[in-house]
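# Survey of secondary and tertiary structure
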Amino acid sequence: MQVGLVGAPNTGKSTFMKACTLADIEINNYPFTTIEANRGVGYVTTDCPCKELEVSCDPNGRCVDGTRFVPVKMLDVAGLVPDAHQGRGLGNQFLDDLREADVLIHVLDISGRTDAEGEPTEGYDPYGNIEFLERELDFWYEDIFKREWKKFSSSIELESKDFEEQLLERFSGLKISREDIRKVVKETKLDTDIPGKWSEEDIRKFATELRKRTKPMIIAANKIDLPGAEENLERLQKRTDVDIVPCCAEAELALRNASKQGKVNYTPGQSKFDIVGGKDLEDKEKKALDFVKGILDRHGSTGVQEAVNRSVFDLLDMIVVYPVEDENRYTDKSGNILPDAILLEKGSTAEDLAYKVHSDIGEDFIGAIDTRSGRKIGANHTLKNGDIVKILTEK
Ligand SMILES: Nc1nc2c(ncn2[C@@H]2O[C@H](COP(=O)(O)OP(=O)(O)OP(=O)(O)O)[C@@H](O)[C@H]2O)c(=O)[nH]1
Ligand SMILES: [Mg+2]
C-alpha cells in the first residue's frame, strides 16, 4: 500500500508529507524544492475495536482513545509542470517513482497564489492544474507503454502469447490487475489479438483508461486558509467530479509538531486540540495555534488526515482487520491485546488475511474463527471492516 503525492511545484506536497510522517523534509516558498522523492510512513485512522470491547489495546503502532493508526507508505515527488513530458521543469521521468503508488493525492493550491509553474502569483485559476496534471500523468503512462509496445505486441502476434498475461508480466511495476485490464479492454473496445495494429491514438486511449483505474486520485485543496481559497473551492466543486478535500497542510504540520513537543494534545483528524497545562508558549506559538484554531472552527479539521483516509478507504476500498491468537482475549502469543491492524481490500477472505500475515500461515491455513460470533469460518469467508480473526493452521 502506497499513497503518492503529486501536483504542481510549490503547492504544499512536502508540507502535507511532513505533517503526515514528521520526517525531516525541506519546505520552501519557491518551485522545485523537492528533487529526489521523499519516502515515509504516514497513517490512516480508523475506529479501533478496543473501545467497543472495553479493553485496553497494545498496538504495534498507535491507538489514541479508540482511534487506531494504521501505517501506510507515502511518497512525495517533485512538482510537475505543463509539458513535463517534453522535458519542461524536471521532466516526467521522476514519475517512475510513482509506479508503486496505489492511489494519488493531488495537492492543489486552491488559493490561486501558485501558477502552473509553481511561481507565486495571484488570481490564478486552479482548475487548469487539474487538467494539465491528468494530461501529464497520461503522457507518462503512454510513454511506458510505447517503450515496450513493439516487443509486447510481437510476443502476442508472433508467439501467440496471451494479452492479459503479457501485460501483467511486462508492466508488473504499474500494479495493474487482471480486472483493470478486462474493464479497460471492454470500455475501449480494442482488439487484443492484434495490439501491433493499434494506432498511437489507440495506445493513448488504452494508457489513459488504465491510468485512471490504477492510479485513482483525490484532490487535496490546500492553502484553504488564504483569502480567495473558499470561493475557488466552491467554483471547482461545480466543475469537476473528482473528490475534493479542503486542506491546510501548514496547520496540520504545526499541530503535529506542537503535539510531538508535548505542547498540545491533538489526535490527527480531530476538530480540536488542547494546550497542555503549564506549558509556556512563546507569542509566536500562541499566534500559530490561534490561526490553527480558526481553521479547525471553520472547516472541522485541517483536512490532511481526511484526505489520506479517503484515498485509502473510499478510493481503494480498503478495510482494517485484526488477527489474534487467542479468540477470547483478543491477544497474540505474548498476551498483547489487538496488536496488529491489517489493511486489506474489501472483499478479501479469511485466507487472504492469512497470506497477508505471513505466506507460511497462508499455506498452512485450515480455517479461522470470527471472534465476535465465536463461529468457525472457511477460506472463502469474506471479511468485514473491524473483524477480529483467529487464524487456524495445520501446524
Ligand atoms: N498558507 C499556506 N501555505 C502553505 C500550506 N501548505 C504549504 N504552504 C506553503 O507553501 C510553500 C510550498 O510548500 P512545499 O511543501 O515546499 O511545496 P511542494 O509542493 O512540496 O513544492 P516543490 O517541492 O517545490 O514541488 C511553503 O512556503 C509552505 O509553507 C498551507 O496549508 N497554507
Ligand atoms: Mg516538495
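Thresholds, definitions, all that
- Residues numbered from 1 in each chain as written.
- Chains lettered and ligands numbered in written order.
- Predicted model: local features only at pLDDT ≥ 70, side-chain atom pairs only at ≥ 80, totals over all residues.
- Heavy atoms only, no water.
- Domains from an automatic or database assignment.
- Donors = N, O, S within 2.8 Å, 3.2 Å for Na, K, Ca; no water.
- Helix = DSSP H or I, 4+ residues; strand = E, 2+ residues; numbered from the N terminus.
- Buried < 20%, exposed > 50% of the residue type's maximum accessible area, 1.4 Å probe, protein only.
- Arc of directions from axis to C-beta.
- Contact = heavy atoms within 4.5 Å.
- 1 Å grid on protein atoms, 1.4 Å probe; cavity = no way out; pocket = protein on both sides within 12 Å on 5 of 7 lines; lining within 4 Å.
- Points joined across faces, edges and corners; volume = space filled by probe spheres on them.
- Nonpolar A, V, L, I, M, F, W, Y, C, P; charged D, E, K, R; others polar.
- Pairing = 2+ DSSP bridges.
- Right-handed = clockwise from strand over helix to strand, strands pointing away.
- Axes fitted to C-alpha atoms, helices over the stretch in contact; angles between N-to-C directions.
- Parallel < 35°, antiparallel > 145°, perpendicular 65-115°, else oblique.
- Left-handed = near helix turned anticlockwise from the far one by under 90°.
- Salt bridge = Lys/Arg side-chain N within 4 Å of Asp/Glu carboxyl O.

## Brief notes about the domain arrangement of the chain
Under the domain assignment used here, the chain contains domain 1 (2-37 + 77-124 + 216-311), domain 2 (136-213) and domain 3 (319-393). In this structure, domain 2 and domain 3 have C-alpha centres spaced 36 Å apart.

## Some details on the coordination of the magnesium ion (ligand 2)
The protein atoms donating to the magnesium ion (ligand 2) are Ser 14 (OG) and Thr 34 (OG1), with metal-donor distances spanning 2.0 to 2.1 Å. Of the two residues, Ser 14 is situated in helix α1 (residues 13-21) and Thr 34 in the loop between α1 and β2 (38-47); the sequence distance between them amounts to 20 residues. Residues Ser 14 and Thr 34 agree in their burial class; the two are buried.

## Things to note about helix α7 (residues 229-239)
An α-helical turn contains 3.6 residues, so a residue and the one three or four places further along point in the same direction. All buried positions along α7 are accounted for by Ala 229, Asn 232, Leu 233 and Leu 236. Buried residues of α7 fall within an arc of 100° about the axis and therefore sit on the same side. Exposed residues pointing more than 90 degrees away from the buried face of α7 are listed as Glu 231, Glu 234 and Lys 238. Among the structural elements, β5 (103-109), α3 (127-157), β6 (217-222) and β7 (244-246) are those in contact with the buried residues of α7.

## Remarks on the layout of surface pockets
Taken as a whole, the largest pocket encloses approximately 950 Å³ of empty space. Residue lining of the largest pocket: 30 residues in total, with Asp 180, Arg 213, Leu 315, Leu 316 and Glu 345 positioned closest to the centre. Elements represented by at least two residues in the lining of the largest pocket include exactly α5 (178-188), α6 (200-214), β11 (342-345) and α11 (350-357). Ranked by residue count, the leading element in the lining of the largest pocket is α6, at four residues. Classifying every residue of the lining of the largest pocket gives ten nonpolar, three polar and 17 charged. Quantified by volume, the second largest pocket comes out at close to 470 Å³. Taken together, 29 residues make up the lining of the second largest pocket; nearest its centre are Asn 10, Thr 11, Gly 12, Thr 15 and Lys 223.

## Some remarks on empty space enclosed by the protein
Going through the model one piece at a time under the given rule, you end up with one cavity of 30 Å³ or more. Roughly 40 Å³ of volume is contained in the largest cavity. Lining of the largest cavity is provided by Asp 125, Pro 126, Tyr 127, Asn 232, Arg 235, Leu 236 and Arg 239. Here the lining of the largest cavity gets four residues from one element, more than from any other, and that element is α7. When grouped by side-chain class, the residues that make up the lining of the largest cavity number three nonpolar, one polar and three charged.

## Some thoughts on the side chain of Thr 67
Inspection of the secondary structure assignment puts Thr 67 in strand β4 (residues 67-76). On the accessibility criterion, Thr 67 (15% relative accessible area) is buried. Beyond its immediate sequence surroundings of up to four residues, Thr 67 is in contact with Thr 45, Thr 46, Arg 62, Thr 267 and Gln 270.

## A closer look at the pairing of β6
Within β6, six of the six residues are buried, which leaves it mostly tucked inside the rest of the structure. Neither face of β6 is open: one carries Met 217, Ile 219 and Ala 221, the other Ile 218, Ala 220 and Asn 222, and all of them are buried. Relative to β6, β5 runs parallel, the two being bridged by six bridges. Residue pairing across strands places Leu 104 opposite Met 217, the latter belonging to β6. Bridging between β6 and β7 involves three bridges; their strand directions are parallel. In the sheet register, Ala 221 faces β7, and the bridge partner there is Pro 246. Regarding topology, α7 serves as the crossover connection from β6 to the parallel β7, and that connection is right-handed.

## Describing the packing of helix α4 (residues 163-170) against α5
How two helices sit against one another is set out by the angle between their axes and by the gap between those axes. It is at 10 Å that the axes of α4 and α5 come closest, and there the two elements cross at 125°. Of the possible angle classes, the one that applies to α4 and α5 is oblique. Where α4 crosses over α5, the two elements pack in a sense that is right-handed. Contacts between α4 and α5 involve Phe 163, Glu 164, Glu 165, Leu 167 and Leu 168 from the first element and Arg 178, Ile 181, Arg 182 and Val 185 from the second. Considered class by class, the residues forming the contact of α4 with α5 number five nonpolar, no polar and four charged.

## Here we look at the pattern of salt bridges
Counted by the stated rule, this structure contains 33 salt bridges. Lys 183 is the salt-bridge partner of Glu 179, the closest N and O atoms lying 2.8 Å from each other. Within this pair, Glu 179 and its partner Lys 183 are both found in helix α5, separated by four residues, close to a single helical turn. Of the charged contacts in the structure, one is a salt bridge between Arg 256 and Glu 252, with a shortest N-O distance of 2.6 Å. With Arg 256 and Glu 252 both in helix α8 (residues 249-260) and four residues apart, the pair spans about one turn of that helix.

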